[in-house]
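# Structural description and commentary
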Amino acid sequence: MLNLSRPFPYLLTFLGRSPQSLAAKNPSLSIRLQIRPSGPQNKMSGNEIALNKTQQAKSSYVWIQTNDGLIQQVEGEFVTVCPLIHREMLRTGLGSCKNNPIPLPEQVSPAILSSILHYCRFHQVPGHSDKERKSFDEKFMKTDTDRLVELISAAHSLELSPLVDLISRAIARIIEGSSNDEIREIFRVPDDLTEEEKLEPLRNPTNNLYIRLLNQHLARKRKNMKEQKELKNVELEKKQEDKRTVEELLELINGKDEDLKCVRASKCKRKSKKRKNKAQSSSVNYLNCPDVKEVGVLPPMRTSDDGAEDFSCTETEFDDDLDQEKMRENDRIVAEFARRLRLIDYR
Amino acid sequence: MADTKFIGKRWEEMETDVLVKIFKELNMIQLAPVSRVCRSWRLACSDPFIWNTLDLGLLQSNFIQTRASPYIWVDERSDKRLTRILRVAMALSRGNITSMIFHFNLYMKDDHLSYISEWSPHLRRLVMPAWNRITKVGICQAIRIWENLESLTMPSIAHPPYIMEEISRSCKNFSQLKVMGTFDMHFASAIATNLQKLKVLSLRCSIITKEALLYILNRMDNLEVLNISHCLLLEALATSGRKQVRSELDQSILQKASRIREFFHCQSSSCTTCKRMIEDEGLMRWYRYEDWFWRRDEVSTLDLGDYGKLFGKNCVNSLTA
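Residues numbered from 1 in each chain as written. Chains lettered and ligands numbered in written order. Predicted model: local features only at pLDDT ≥ 70, side-chain atom pairs only at ≥ 80, totals over all residues. Heavy atoms only, no water.

### A word on the overall build of chain A
When its secondary structure is counted, chain A shows 14 helices and three strands. Per-residue burial for chain A yields a buried fraction of 37% across its 347 residues. In the form shown here, chain A has an accessible surface area of approximately 21300 Å², with 54% of it arising from carbon and sulfur atoms. (Helix = DSSP H or I, 4+ residues; strand = E, 2+ residues; numbered from the N terminus. Buried < 20%, exposed > 50% of the residue type's maximum accessible area, 1.4 Å probe, protein only. Areas by Shrake-Rupley, 256 points an atom, 1.4 Å probe, with all protein chains shown as cover.)

Here's what the structure looks like:
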């Protein structure tokens, strides 16, 4: 490894050759020059240094490191079209030798990098016609969606906007032609909108009365759904407790000591548990009672987490008659609002 | 493969920026279902990068001209279609729209106007050349909500002062006005009285009276850009019967205009646009010419450019189905 510290450039000039011309004449030499901006001998300004580096980069190689730790060289021409690498090189001075490679963003794996290099190398050649370029692009895009997503993430992180635009269009075509379920499968995104999709509150920028009332109704409905879920959970817990008691009983029965006492104790346990359960269910019923009114409360915006509840049932049944009556009344009002919002020119 | 461990992470963290770039390729109708895929996708669907300009310049009303006010009759289906489109746009954009562009044959009603003003209160630019079915109350209410309005393209109306007053009252950053139609003293004085801070004024392809032009040049001290290209400059507006006397841009006008940073004018007999103006006797019949013709302006900040991807030709077709 050549240690190219300050004296070296001067040695070359002494030999009658400038470092730049040497690099130009021998591109394969992989000259790793590192110009130190500080120091009295080197009076070049920051811009000149940057320009020098760029010029050198064009004809020399730059060391980079992909996300798996692998260090490799890339030709200078690639660096000049890749804003991120170029900027990093100028800013940190890295990339000139194997020990100091420029670290690439984590989205860039070696396989993806080679694809990107393949793309850039083709387009950098001035000799290709527009038709050739277009057919190359089409071929390049004919790959599976996984790879396209990897490519676009990597290209975006490297700030290669033409490539990002190209892949965006390809992915947009894929999205266009797929249903939402297919999209979720292809892109492996979670279906975390189910409840909100159906019950999303409308934004109310100017505090429209109708929208406010509609939001209140939606909030009530959402709350009821939550209570239903809690009810379900309570029932589940009940079952579990029962299970445990049976097991305990079995153990106790199988156990030798103090059978009767344990049985009595467990009986008492069961009774007390039953009492507790009754109390719980009555408290749940209390919650179901719609006397607790929330007037003028706008439901939280989508960003707050209500908990992504996966309700398969849309219609929730209420045992409480009072609630039903009110719900029917609200439904009537809401239907009216919905009609008004949908058909603005009802007048 | 060494990168299998990274794939899981990559999926969940597909950057919003990347998603936004992809969604920018889709139109409004395609974006609606996409916004229901998952939470992060919904957020990306309403990004300002996609919605900063809502260009409905390809949407026209199905209308006929009538003899009585408002001289336009639009069929109900057309109105409903507009409502549907606006509803989708407002829901998806989530208040991120800063520019709205409408066609000169899109005759919207007060209801539509109040809807878009409520759901896009941060609007900065409005291009709406058709006010036939909009009432004074309706437009003033909308202007009141649009406090950040900076640029307006409007048709020539009979009594402009009320709108100018409303703008000066509500829109503190208002600086650009484009008028399509006839520009007389009435208009000129309304602007001079209420919109002293106006920086850009375009009257291209209109009829202007010489008096009005001079008034503007004398009284608008903050005017930096004035466009009177292809205008028919008249001595006075013709009352019935009398033939209109056309005027030229004489030295007095040119001298007064010299203080304005950018003065666009064109009164050439060889210019296509000027020829069209003469042929149409000053009231340019935009519908006879190319799609993009009415969208042009010599002033770069007023020129409308391409339609963008949000509402393309296929959107109109898919909606009429």
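### Let's talk about the pairing of strand β6 (residues 151-155) of chain B
Residue and element names in this part refer to chain B. Of all the five residues making up β6, five are buried; the element is thus mostly covered by neighbouring parts of the structure. With burial as the criterion, each face of β6 is covered, one bearing Ser151, Thr153 and Pro155 and the other bearing Leu152 and Met154. Across three bridges, strand β5 (residues 125-127) lies against β6 in parallel orientation. Bridge assignment links Val127 to a residue of β6, and that residue is Thr153. (Pairing = 2+ DSSP bridges.)

### Some points on the packing of aromatic side chains
One pass over the structure, following the stated rule, counts 13 aromatic pairs over all chains. When the centroid spacing of 3.9 Å and the interplanar angle of 0 degrees are considered together, the rings of Phe122 of chain A and Phe136 of chain A count as stacked. In this pair, Phe122 of chain A sits in helix α6 (residues 110-124) while Phe136 of chain A sits in helix α7 (residues 130-141), placing the two residues 14 residues apart along the sequence. In this structure an aromatic cluster arises from ring pairing among Tyr119, Phe122, Phe136 and Phe140 of chain A. Over the ring of Phe49 of chain B we find Lys24 of chain B, and its NZ or CZ is 4.9 Å from the ring centre. Of note, Arg276 of chain B hangs over the ring of Phe293 of chain B, and the distance from its end group to the ring centre comes to 4.5 Å. (Phe/Tyr/Trp six-rings, centres within 6.5 Å; stacked < 30°, edge-to-face > 60°. Lys NZ or Arg CZ within 6 Å of the ring centre and 35° of its normal.)

### Points about the sheet that holds strand β10 (residues 207-209) of chain B
All names here are of chain B. Strand order in the open sheet made by the three strands is β8-β10-β12, with parallel pairing throughout. Two strands bound the open sheet, and with one partner strand each, they are β8 (182-183) and β12 (232-234). Where β10 and β12 come together, three bridges link them in parallel fashion. Looking at β12, one finds that Ile208 is bridged to Leu233.

### Overview of the nonpolar core
In terms of nonpolar packing, the biggest core is built from 129 residues, with Phe23, Trp41 and Leu177 of chain B touching the most fellow members. Sort the elements by how many residues they give to this core and helix α9 (residues 161-176) of chain A lands first, with eight residues. What Phe23 of chain B contacts, discounting residues up to four positions off in sequence, is Ile175 of chain A together with Leu31, Val34, Trp41, Ala44, Cys45 and Ile50 of chain B. Counting 15 residues, the second largest nonpolar core, distinct from the first, contains Met180, Leu232, Tyr289 and Leu304 of chain B. (Core = buried A, V, L, I, M, F, W, Y, C linked by side-chain atoms within 4.5 Å. Contact = heavy atoms within 4.5 Å.)

### Things to note about α6 of chain A
Residues spaced three or four apart along an α-helix face the same direction, because each turn holds 3.6 residues. Residue and element names in this part refer to chain A. Here α6 spans 20 Å end to end across 15 residues, near enough to the 21 Å set by a 1.5 Å rise per residue. Inspection of α6 places Ile112, Leu113, Ser115, Ile116, Leu117, Tyr119, Cys120 and Phe122 among the buried residues, and these make up the whole buried set. Considering only its buried residues, α6 is in contact with β1 (61-65), β2 (71-75), α4 (76-81), α7, α8 (145-157) and α9. (Expected span 1.5 Å × (residues − 1).)

### Examining the confidence of the model for chain B
Residue and element names in this part refer to chain B. Summing up the model confidence of chain B, the mean pLDDT is 89 and the portion of residues at 70 or higher is 93%. For chain B, the element scoring lowest by mean pLDDT is helix α1 (residues 4-12), at 45; β5 scores highest, at 97. Counting interchain partners and residues more than four positions distant, the pLDDT-below-50 stretch residues 1-11 has 15 contacts. Across the interface, the model reports ipTM at 0.81; the global pTM reads 0.68. (pLDDT = per-residue confidence, 0-100.)

### Brief notes about the state of the cysteines
Summed over all chains, the structure comprises zero disulfides over all chains. Counting only cysteine sulfurs, Cys266 of chain B is the nearest neighbor of Cys274 of chain B, a cysteine outside any disulfide, at a range of 3.7 Å. (Disulfide = S-S within 2.5 Å.)

### Looking at unusual backbone geometry
Residues and elements named next belong to chain B. Note the cis peptide between Ser69 and Pro70, where omega equals 0 degrees. Along the polypeptide, Pro70 turns up in the loop between β2 (63-65) and β3 (72-74). Even without glycine at this site, Tyr71 takes up a positive phi of about 70 degrees. Mapped onto the elements, Tyr71 comes out in the loop between β2 and β3. Of note, the phi angle at Arg94 is positive, near 50 degrees, even though the residue is not glycine. Tracing the sequence through the fold places Arg94 in the loop between α6 (76-93) and β4 (99-102).

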